[in-house]
Amino acid sequence: MHSRLLSVLFGMAGALLACELVLQALPVSSATARDYYMDPQVLSYPPGHRWHMATGWDLRNAQTLRANNFGFASEIDFVPDPQAVAFIGDSYVEASMLGAADRPGAQLARALKDERAVYALGAPGSALLDYAERIRLASTRLAVRDFVILMEAGDVRQSLCGSGNVHGPCLAPRKLEPRVETFAPASTLKRLISKSALAQYLVGQLKLDVRRLPAQLFAADAPTHEPASKAASAEPAVNADTHRAEREAMVRAVSTAFFDRVQTHQVRKLVIVVDGQRKAVSLDADPQAAQISLERGQFMEIARARGAVVIDAEALYREHWKTSMLSLDVGPYDGHLNALGVRLVAQAAAAAIR
């Protein structure tokens, strides 16, 4: 009995070891080791760090990235330069699924005819108030005066504390008071596990979440909920008015906090490209998309009133569709901009900067 059990355990250990060795040879997403290396409110990678990124079980769009001297994914180091342009955003600016030459920083530099250095300060999982901190970093440490921000339509609401897309400053969801919400340092166990290609494959490629595993296994038995659109339409009008007022107050508060932070630095030109819908979506059938669209429009109005040059990316996409059927998404599995979509944005931003 004991020998049989030992054989099973040795067999399992051998299988795990074989999987580990095979995955070590493949471009499995590896540990990023992000922390507050350069600034207490700016999350970055260790300077000089190299890591792999890939999508899905079949490791699509595999790329190897390098962190520069400031801890951002960039092929160039950042040095003080008043003529440089800082390109700021979340994973849309880091664009780890694209080749280095197709990423936003490189494409903006080409659109500017390589006459000015472009510093790409992209950081996945961040939002509008985090961008203000990177403007501060680029302004005070690198003497940058011109900035381009590529923001998602939902970056305003993601600036609320607890959204899961905050690296530092945020606003409390109810009272809209300023707070700071930073990432906790990785535990020793997590750092050890991150060295395993098998563990990284399960978590990074298959998106396996041990905490949610029972719910995932029995998801088919979960009760069916009423569609959000029906639930929303059943609310009394007074609640709808209240929710609208709360959303508008949230957008105003986040926008004010952002521009109040930015105006304390020497900003010569601020260009904000606001991403939007890239396909026909019925806002009547999708209440959440309708809410984000309203928040997006309100933010753009405030941004223009505060002196920013605002580029509505939806207008760029509509012009594209007039002459081409080519997709602007990385793929049906990834809604980030592909190289063509980045080029449209970079060209519009370059024209605004010039």
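Residues numbered from 1 in each chain as written. Predicted model: local features only at pLDDT ≥ 70, side-chain atom pairs only at ≥ 80, totals over all residues. Heavy atoms only, no water.

Asker: Give a description of the nonpolar core that names residues and reports values.
Answerer: Counting 39 residues, the largest nonpolar core has Ile 149, Met 151, Phe 258, Leu 270, Ile 272 and Phe 299 as its most contacted members. Taken together, the elements giving at least two residues each to this core come down to strand S5 (85-89), strand S6 (118-122), helix H4 (128-142), strand S7 (146-151), helix H9 (237-262), strand S10 (269-274) and helix H10 (287-305). When residues in this core are grouped by element, the largest group, eight residues, is from H4. Not counting residues within four places of it along the chain, the set of residues in contact with Met 151 comprises Leu 128, Tyr 131, Val 156, Ile 272, Val 273, Val 274, Asp 275 and Phe 299. Tyr 92, Val 118, Ala 313 and Ile 353 belong to the second-largest nonpolar core, a separate cluster that totals 33 residues. (Core = buried A, V, L, I, M, F, W, Y, C linked by side-chain atoms within 4.5 Å. Buried < 20%, exposed > 50% of the residue type's maximum accessible area, 1.4 Å probe, protein only. Helix = DSSP H or I, 4+ residues; strand = E, 2+ residues; numbered from the N terminus. Contact = heavy atoms within 4.5 Å.)

Asker: Pulling in residues and values, what's your account of the sheet that holds S10?
Answerer: Taken together, the five strands give an open sheet; going across it, the order is S6-S5-S7-S10-S11, and neighbouring strands pair in parallel fashion. Two strands in the sheet have a free side with no partner beyond their single neighbour: S6 and strand S11 (309-312). Going across the sheet, the axis of each strand differs from the next one's by a mean of 15°, ignoring polarity. Relative to S7, S5 runs parallel, the two sharing five bridges. The partner of Val 85 across the bridge, within S7, is Asp 146. Lying on the sheet, helix H11 (residues 313-323) is in contact with S10 and S11; it crosses S11 at an angle near 40°. (Pairing = 2+ DSSP bridges. Axes fitted to C-alpha atoms, helices over the stretch in contact; angles between N-to-C directions.)

Asker: A description of the pattern of salt bridges should follow, citing residues and the corresponding values.
Answerer: A full pass over the atoms with the stated rule returns 15 salt bridges. Each of Asp 39, Glu 133, Arg 136 and Arg 261 takes part in salt bridges that share partners, so that together they form one network. (Salt bridge = Lys/Arg side-chain N within 4 Å of Asp/Glu carboxyl O.)

Asker: Let's hear about H4: which residues, and what values?
Answerer: With 15 residues, H4 should cover 21 Å at 1.5 Å per step; its first-to-last C-alpha distance of 20 Å lies within 8% of that length. Counting buried positions over the 15 residues of H4 gives 12, a clear majority of the element. Turning to H4, its buried residues number three or more, namely Leu 128, Leu 129, Asp 130, Tyr 131, Ala 132, Glu 133, Arg 134, Ile 135, Leu 137, Ala 138, Ser 139 and Leu 142. Ala 143 sits one or two residues past H4 and shows a positive phi near 60°. (Expected span 1.5 Å × (residues − 1).)

Asker: Explain a nonpolar patch on the surface to me, using residue names and the numbers behind them.
Answerer: Together, Leu 5, Leu 6, Val 8, Leu 9, Phe 10 and Met 12 line one region of the surface with nonpolar side chains, adding up to about 620 Å² of accessible area. Within the secondary structure layout, Leu 9 lies in helix H1 (residues 2-24). Look at Leu 9 and you get partly exposed, because its relative accessible area is 45%. (Patch = residues over 30% accessible without salt bridge, like charges linked within 9 Å, V, L, I, M, F, W, Y side chains within 5 Å. Areas by Shrake-Rupley, 256 points an atom, 1.4 Å probe, with all protein chains shown as cover.)

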